[in-house]
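So the chains spell out like this:
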Amino acid sequence: MSDSMPGPGTAAGTAPGEIPQDAPQEPPRAAAHDPEAPAPLGVVRTPTGNAGVDAGLERLADADRLPAGGHIEVYEDVHRGLRDALTGLDAGPVPAPAPAPVPPNTNSYNDSHHNSYNNRS
(Lines give C-alpha, C1' and ligand atoms only; values in the text may rest on other atoms or scores of the structure.)
Protein backbone atom coordinates (compact mmCIF):
# COMPACT_ATOMS: atom_id res chain seq x y z
CA MET A 1 0.00 0.00 0.00
CA SER A 2 1.13 3.52 -0.64
CA ASP A 3 1.30 6.45 1.73
CA SER A 4 -1.59 8.08 -0.08
CA MET A 5 -3.95 5.13 0.35
CA PRO A 6 -4.74 3.88 3.87
CA GLY A 7 -4.46 0.18 4.37
CA PRO A 8 -7.11 -2.04 5.86
CA GLY A 9 -7.91 -1.17 9.50
CA THR A 10 -6.58 2.41 9.26
CA ALA A 11 -8.54 5.61 8.76
CA ALA A 12 -7.43 8.40 6.50
CA GLY A 13 -4.96 10.72 8.24
CA THR A 14 -3.89 8.29 10.95
CA ALA A 15 -0.76 6.28 11.24
CA PRO A 16 -0.97 2.50 11.51
CA GLY A 17 -1.72 1.53 15.17
CA GLU A 18 -3.09 5.00 16.00
CA ILE A 19 -6.76 5.24 17.00
CA PRO A 20 -8.69 7.77 14.94
CA GLN A 21 -10.41 10.47 16.97
CA ASP A 22 -13.81 9.83 15.39
CA ALA A 23 -13.65 6.08 16.12
CA PRO A 24 -16.26 4.76 18.53
CA GLN A 25 -14.84 4.54 22.03
CA GLU A 26 -15.25 1.46 24.20
CA PRO A 27 -17.08 2.20 27.43
CA PRO A 28 -14.70 2.34 30.39
CA ARG A 29 -14.48 -0.95 32.16
CA ALA A 30 -15.53 -1.05 35.78
CA ALA A 31 -12.71 -1.74 38.19
CA ALA A 32 -12.56 -5.41 39.00
CA HIS A 33 -14.09 -6.16 42.40
CA ASP A 34 -11.43 -7.52 44.71
CA PRO A 35 -13.09 -9.33 47.64
CA GLU A 36 -9.79 -9.18 49.55
CA ALA A 37 -9.52 -5.38 49.29
CA PRO A 38 -10.43 -3.33 52.38
CA ALA A 39 -13.99 -2.03 52.29
CA PRO A 40 -15.49 -0.13 55.24
CA LEU A 41 -18.81 -1.57 56.35
CA GLY A 42 -20.02 1.73 57.76
CA VAL A 43 -21.34 0.14 60.96
CA VAL A 44 -22.04 2.73 63.66
CA ARG A 45 -20.45 1.83 66.98
CA THR A 46 -22.25 3.33 69.98
CA PRO A 47 -20.22 3.64 73.21
CA THR A 48 -21.53 1.50 76.08
CA GLY A 49 -19.88 3.23 79.02
CA ASN A 50 -17.86 0.10 79.85
CA ALA A 51 -14.19 0.83 79.09
CA GLY A 52 -13.37 -2.77 78.09
CA VAL A 53 -16.35 -3.14 75.78
CA ASP A 54 -15.82 0.29 74.22
CA ALA A 55 -12.17 -0.57 73.52
CA GLY A 56 -13.35 -3.70 71.72
CA LEU A 57 -15.81 -1.70 69.63
CA GLU A 58 -13.07 0.71 68.63
CA ARG A 59 -10.83 -2.23 67.74
CA LEU A 60 -13.51 -3.41 65.28
CA ALA A 61 -12.86 -0.25 63.26
CA ASP A 62 -9.46 -1.74 62.37
CA ALA A 63 -11.23 -4.37 60.28
CA ASP A 64 -12.42 -1.63 57.91
CA ARG A 65 -8.82 -0.91 56.89
CA LEU A 66 -7.71 -4.53 56.49
CA PRO A 67 -8.22 -7.01 53.69
CA ALA A 68 -10.72 -9.77 54.46
CA GLY A 69 -7.89 -12.14 55.40
CA GLY A 70 -6.89 -9.83 58.27
CA HIS A 71 -10.36 -9.63 59.83
CA ILE A 72 -10.05 -12.89 61.78
CA GLU A 73 -7.22 -11.50 63.93
CA VAL A 74 -9.30 -8.43 64.81
CA TYR A 75 -12.41 -10.50 65.57
CA GLU A 76 -10.47 -12.91 67.79
CA ASP A 77 -8.87 -10.02 69.66
CA VAL A 78 -12.26 -8.36 70.25
CA HIS A 79 -13.79 -11.69 71.29
CA ARG A 80 -11.02 -12.18 73.87
CA GLY A 81 -11.62 -8.69 75.27
CA LEU A 82 -15.39 -9.17 75.49
CA ARG A 83 -14.96 -12.56 77.15
CA ASP A 84 -12.63 -10.97 79.73
CA ALA A 85 -15.17 -8.20 80.39
CA LEU A 86 -17.93 -10.76 80.95
CA THR A 87 -15.71 -12.85 83.19
CA GLY A 88 -15.02 -9.71 85.23
CA LEU A 89 -18.76 -9.24 85.72
CA ASP A 90 -19.10 -12.82 87.00
CA ALA A 91 -16.30 -12.27 89.51
CA GLY A 92 -18.26 -9.51 91.22
CA PRO A 93 -16.87 -6.38 92.82
CA VAL A 94 -13.51 -6.42 94.53
CA PRO A 95 -14.03 -6.42 98.32
CA ALA A 96 -13.07 -3.27 100.16
CA PRO A 97 -9.87 -3.49 102.17
CA ALA A 98 -10.34 -4.31 105.85
CA PRO A 99 -10.13 -1.35 108.18
CA ALA A 100 -6.83 -0.84 109.95
CA PRO A 101 -6.77 -2.13 113.54
CA VAL A 102 -7.41 0.52 116.17
CA PRO A 103 -4.47 0.90 118.56
CA PRO A 104 -5.30 0.36 122.24
CA ASN A 105 -6.16 3.47 124.18
CA THR A 106 -3.20 4.57 126.30
CA ASN A 107 -5.13 7.13 128.30
CA SER A 108 -4.47 6.35 132.00
CA TYR A 109 -8.00 7.35 132.94
CA ASN A 110 -9.43 4.43 130.95
CA ASP A 111 -6.63 2.02 131.69
CA SER A 112 -8.11 -0.80 133.78
CA HIS A 113 -5.23 -1.24 136.24
CA HIS A 114 -5.32 2.45 137.10
CA ASN A 115 -9.05 2.57 137.49
CA SER A 116 -9.96 2.93 141.17
CA TYR A 117 -13.07 0.80 140.74
CA ASN A 118 -10.98 -2.24 139.78
CA ASN A 119 -8.63 -1.92 142.75
CA ARG A 120 -11.07 -2.56 145.58
CA SER A 121 -10.18 -4.90 148.37
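Quick note: structure is the one above.
Since the model is a prediction, treat every value here as computed from it, not as a measurement.

Analysis parameters
Residues numbered from 1 in each chain as written. Predicted model: local features only at pLDDT ≥ 70, side-chain atom pairs only at ≥ 80, totals over all residues. Heavy atoms only, no water. Axes fitted to C-alpha atoms, helices over the stretch in contact; angles between N-to-C directions. Helix = DSSP H or I, 4+ residues; strand = E, 2+ residues; numbered from the N terminus. Parallel < 35°, antiparallel > 145°, perpendicular 65-115°, else oblique. Contact = heavy atoms within 4.5 Å. Nonpolar A, V, L, I, M, F, W, Y, C, P; charged D, E, K, R; others polar. Expected span 1.5 Å × (residues − 1). Patch = residues over 30% accessible without salt bridge, like charges linked within 9 Å, V, L, I, M, F, W, Y side chains within 5 Å. Areas by Shrake-Rupley, 256 points an atom, 1.4 Å probe, with all protein chains shown as cover. Salt bridge = Lys/Arg side-chain N within 4 Å of Asp/Glu carboxyl O.

Q: How should I be thinking about the packing of helix H1 (residues 51–60) against helix H2 (residues 71–91) in this particular structure?
A: Each pair of packed helices gets described by two things: the angle between the helix axes and the distance between those axes. Interaxial distance between H1 and H2 falls to 9 Å at its minimum, and their mutual angle equals 175°. In terms of orientation, H1 lies roughly antiparallel with respect to H2. Facing Val53, Gly56, Arg59 and Leu60 of H1, the residues of H2 in contact are Glu73, Val74, Tyr75, Asp77, Val78, Leu82 and Ala85. For the contact of H1 with H2, a count of residues per class yields 7 nonpolar, 1 polar and 3 charged.

Q: Please clarify how the side chain of histidine 71 should be interpreted in this entry.
A: Along the chain, histidine 71 falls in helix H2. What histidine 71 contacts, discounting residues up to four positions off in sequence, is Ala63 and Leu66.

Q: Before we go on, may I ask you to explain H2 in this structure?
A: In an α-helix, one turn spans 3.6 residues; hence positions three or four apart end up facing the same way. In a regular helix each residue adds 1.5 Å, so 21 residues correspond to 30 Å; H2 covers 30 Å between its end C-alpha atoms and thus fits that length. Against H1 lie the buried residues of H2. Backbone geometry just downstream of H2 places glycine 92 in the positive-phi region, at approximately 80°.

Q: Any chance you could explain a nonpolar patch on the surface here in plain terms?
A: Together, Leu41, Val43 and Tyr75 line one region of the surface with nonpolar side chains, adding up to about 320 Å² of accessible area. Locating tyrosine 75 in the fold gives a position in helix H2.

Q: I would appreciate a short explanation of the environment of glutamate 73 in the present structure.
A: Examined against the element boundaries, glutamate 73 turns out to sit in helix H2. As for glutamate 73 and alanine 63, which are separated by 10 residues in sequence, their C-alpha atoms are 9.0 Å apart.

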